[in-house]
Amino acid sequence: MDSPVPPPHPSEPRSEPRPRRRDRHGRGMRGPVAPPQVPLSVSRAETFRDLVQDSVERLERRWPQLADVDFMVLDVPGTHEETVPLGRAVSAAKDQPAQIVVYRRPVEIRTKSRDERALLVHEVVVEQVAELLGLSPESVDPRYGQD
């Protein structure tokens, strides 16, 4: 005959956890922090890259030859100059396509809002494209300097 197992003493820890009926503060189960279509965290660098890409796409409609240009975003310029550049254009070499670089941190420091940042990014991209193509910024984008 099996003897029944006596219940544990109240001061002894339970061997199996009790099922939780609600969360710790009694508010019920929590839902998702954000809807599925909204990214939970987009870094500043990713947001900045999107601004540059938007500007490039805007210009590529008018200047299809920009499809052969590599557009890059770097955090800071590598050279120590008297003034900090916001961007740089590099002509095509024998084995490398032309490049336009936009420096994220100098642009972010000079702007306060996303709208200001978008305007400055577009101006920098337009100026670098103009330098690369040997044109004036106004001929690359007629709205240059008007925003």
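Look up: the structure comes first, before these words.
Residues numbered from 1 in each chain as written. Predicted model: local features only at pLDDT ≥ 70, side-chain atom pairs only at ≥ 80, totals over all residues. Heavy atoms only, no water.

With respect to the side chain of glutamate 108
Line of reasoning, step 1. Here glutamate 108 lies in helix H2 (residues 104–109).
Line of reasoning, step 2. Polar side-chain contacts of glutamate 108 include one of 2.9 Å to the side chain of arginine 105.
Line of reasoning, step 3. Aside from chain neighbours lying at most four places away, what touches glutamate 108 is Arg44, Phe48 and Arg117. (Helix = DSSP H or I, 4+ residues; strand = E, 2+ residues; numbered from the N terminus. Polar contact = N/O pair within 3.5 Å; in protein donor to acceptor, adjacent residues only side chain to side chain. Contact = heavy atoms within 4.5 Å.)

Observations regarding the pairing of strand E3 (residues 99–103)
Sheet faces and side chains relate simply in a regular strand, where the side chains alternate between the two faces.
Line of reasoning, step 1. When you tally the buried positions in E3, you get four out of five residues, the bulk of the element.
Line of reasoning, step 2. Examined bridge by bridge, strand E1 (residues 70–74) and E3 share five bridges and lie parallel to one another. Within E3, the position partnered with valine 73 by the bridge is valine 102.
Line of reasoning, step 3. One ladder, built from four bridges, connects strand E2 (residues 87–90) with E3; its direction is antiparallel. Along E3, the bridge assignment pairs alanine 89 with isoleucine 100. (Buried < 20%, exposed > 50% of the residue type's maximum accessible area, 1.4 Å probe, protein only. Pairing = 2+ DSSP bridges.)

Describing the sheet that holds E1
Line of reasoning, step 1. Reading across from one edge, E1-E3-E2 is the order of the three strands in this open sheet, with mixed pairing throughout. Either end of the sheet is taken by a strand with one partner, and the two such strands are E1 and E2. Across the sheet, the mean angle separating the axes of adjacent strands is 15° when strand polarity is ignored.
Line of reasoning, step 2. The sheet strands contacting helix H1 (residues 44–60) are E1 and E3, and the helix crosses E1 at an angle near 155°.
Line of reasoning, step 3. Helix-sheet contacts for helix H3 (residues 114–133) involve E1, E2 and E3, and the interaxial angle to E2 is about 25°. (Axes fitted to C-alpha atoms, helices over the stretch in contact; angles between N-to-C directions.)

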